[in-house]
Amino acid sequence: MNPAAGRAGRPTLAVVGATGAVGTVLLGILSEHADIWGEIRLIASPRSAGRKLAVRGEQVEVVALTEDAFDGVHLAVFDVPDEVSARWAPVAVGKGAVVIDNSGAFRMDPDVPLVVPEVNPHAARVRPRGIIANPNCTTLSMIVAIGALHAAFGLSELVVSSYQAVSGAGQAGIDALREQHARVAGTDLGTQPGDVRRAVGDTGPFPAPVALNVVPFAGSLTEDGWSSEELKVRNESRKILGLPHLKVSATCVRVPVVTTHSLAVHARFENEVTVAGAHEILAAAPGVVLCDDPAAGEYPTPADVVGTDPTWVGRVRRSLDDPCALELFVCGDNLRKGAALNAVQIAEAVAAELPS
Ligand SMILES: NC(=O)c1ccc[n+]([C@@H]2O[C@H](COP(=O)([O-])OP(=O)(O)OC[C@H]3O[C@@H](n4cnc5c(N)ncnc54)[C@H](OP(=O)(O)O)[C@@H]3O)[C@@H](O)[C@H]2O)c1
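Our subject in this report is the structure included herewith. Remember, it's a predicted structure, so these values are computed and weren't measured experimentally.

## Describing the site of the ligand
The environment of the ligand is formed by 27 residues, the closest being Thr19, Ser45, Ser48, Val80 and Ser167. Separating a nitrogen atom of the ligand from a backbone N or O atom of Ser167 is a distance of 2.7 Å. Between an oxygen atom of the ligand and a side-chain N or O atom of Asn334, the distance comes to 3.0 Å. When the free accessible area of the ligand is taken as 910 Å², the share hidden by the protein chains comes to 80%. When residues of the shell around the ligand are traced back to their parent elements, those giving at least two are helix 1 (21–32), helix 2 (82–94), helix 4 (170–184) and helix 9 (336–353). The residue makeup of the shell around the ligand, split by class, is 11 nonpolar, 13 polar and three charged.

As structure tokens, this is what we get:
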């Protein structure tokens, strides 16, 4: 049977940025989930027009981003750079689509909800600009677990150190790490100041070599030495949790991992907490997997978590000097829950609201 025949009357979904790191994972997730969509239209830059990509087991041709590309589209997920979303998301809305935007263009706009379905699903229903924003991948990689703990214990402060994968910088980040690895593999580099830097040469989208290294900077430089990524963790956590005065300090670090962000989190609460109490909340929280048996060597690592949907939490400890605080290690696939999966969850919820 022609699959298109059974799809008549269902909503049309546009994926803008279908060829990128997030777009590629998104097409995979759409192919795995229940098929609720009519047409899935793939959109990218004119460079990619005419390419064919697989979704739902079919080859679909990519079209260039133009106003006409949104004809008949009910929902559009944008996985493109900020400036492209800023220009084109309102165009899609003007053509009648609800936009779910993965870029940073609208996240802090008071008229755009910033949504994590496990934490603040109700926010997606109020969208004065017709746009719903997806949080950034670092915030998203921890916020489902933190949201569950906040609901139980009342969060008052977060101190976060991230260990961010290179795919957070898109396909260019993945390509850069693979190329740098090729240059250092099988050598004895990493023993003299600057030897890795000289061997690597061009560091791609990163300010320093990422192979055999860690880089204490992600994003762009803002006021007083904070990186844009660090401010996103603060501002977006506050908005998602509805805690405008939450104390948040973040240090964002890039590590030589392809995909899956990790975060060491110090979370302080209004009241005293126990490890047993935190375990109980995390074990029951939708979208969270508790993996916390250090005696058995069980804690999440990016190499084990990559390609999975949940937020994984381990190393839960009560702070030695503060009975109201917990230390946690959290891992989440930055391309799945950190970007594409969260957007698909929102899109599926909005599609369910649409008149059939
Ligand atoms: N990577 C992550 O972990 C992550 C997580 C959360 C949010 N995000 C955000 O998601 C967005 C996409 O990130 P990514 O990592 O997937 O980036 P990417 O791998 O660089 O892909 C960028 C996509 O945007 C398209 N594009 C670029 N310029 C365009 C233009 N002028 N017109 C139309 N399409 C254009 C590209 O199409 P061509 O292939 O045709 O150039 C490609 O499909 C960014 O805003 C990013 O900040 C990323």
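## A look at the pattern of salt bridges
A side chain with one charge can pair with a side chain of the opposite charge if their charged atoms come near. Within the structure shown, the criterion is met by 15 salt bridges. A salt bridge links Arg10 to Asp35; its shortest N-O distance comes to 3.9 Å. Of this pair, Arg10 sits in the segment before strand 1 (13–16) while Asp35 sits in the loop between helix 1 and strand 2 (40–44), and the two are 25 residues apart along the sequence. Looking at Arg10, the relative accessible area reads 29%, which means it is partly exposed. The partly exposed category is assigned to Asp35, whose relative accessible area is 30%. Across the salt bridge formed by Glu236 and Arg107, the nearest N and O atoms sit 3.3 Å from each other. Remark: Arg107 occurs in the loop between strand 6 (98–101) and strand 7 (131–133) and Glu236 occurs in helix 6 (residues 228–241); sequence separation between them is 129 residues. Accessibility assignment for this pair places Glu236 and Arg107 in one class, buried. A single network of salt bridges, built from pairs that share partners, joins Arg7, Arg10, Asp35, Arg56 and Glu58.

## Observations concerning the sheet that holds strand 1
Strand order across the open sheet formed by seven strands is 3-4-2-1-5-6-7, with mixed pairing between neighbours. The strands lining the two open edges of the sheet, one partner per strand, are strand 3 (52–55) and strand 7. When strand polarity is set aside, the average angle formed by the axes of neighbouring strands in this sheet is 30°. Here strand 3 pairs with strand 4 (residues 58–64) via four bridges, running antiparallel. The residue of strand 4 that forms the bridge with Lys52 is Glu61. Taken strand by strand, helix 1 contacts strand 1, strand 2, strand 3 and strand 5 (75–78), and its axis lies near 40° from that of strand 3. Most of the contacts of helix 9 go to strand 5, to which it runs at about 170°, and overall it touches strand 5, strand 6 and strand 7.

The rules behind the values
Residues numbered from 1 in each chain as written. Predicted model: local features only at pLDDT ≥ 70, side-chain atom pairs only at ≥ 80, totals over all residues. Heavy atoms only, no water. Near = heavy atom within 4 Å. Polar contact = N/O pair within 3.5 Å; in protein donor to acceptor, adjacent residues only side chain to side chain. Areas by Shrake-Rupley, 256 points an atom, 1.4 Å probe, with all protein chains shown as cover. Helix = DSSP H or I, 4+ residues; strand = E, 2+ residues; numbered from the N terminus. Nonpolar A, V, L, I, M, F, W, Y, C, P; charged D, E, K, R; others polar. Salt bridge = Lys/Arg side-chain N within 4 Å of Asp/Glu carboxyl O. Buried < 20%, exposed > 50% of the residue type's maximum accessible area, 1.4 Å probe, protein only. Pairing = 2+ DSSP bridges. Axes fitted to C-alpha atoms, helices over the stretch in contact; angles between N-to-C directions. Contact = heavy atoms within 4.5 Å.

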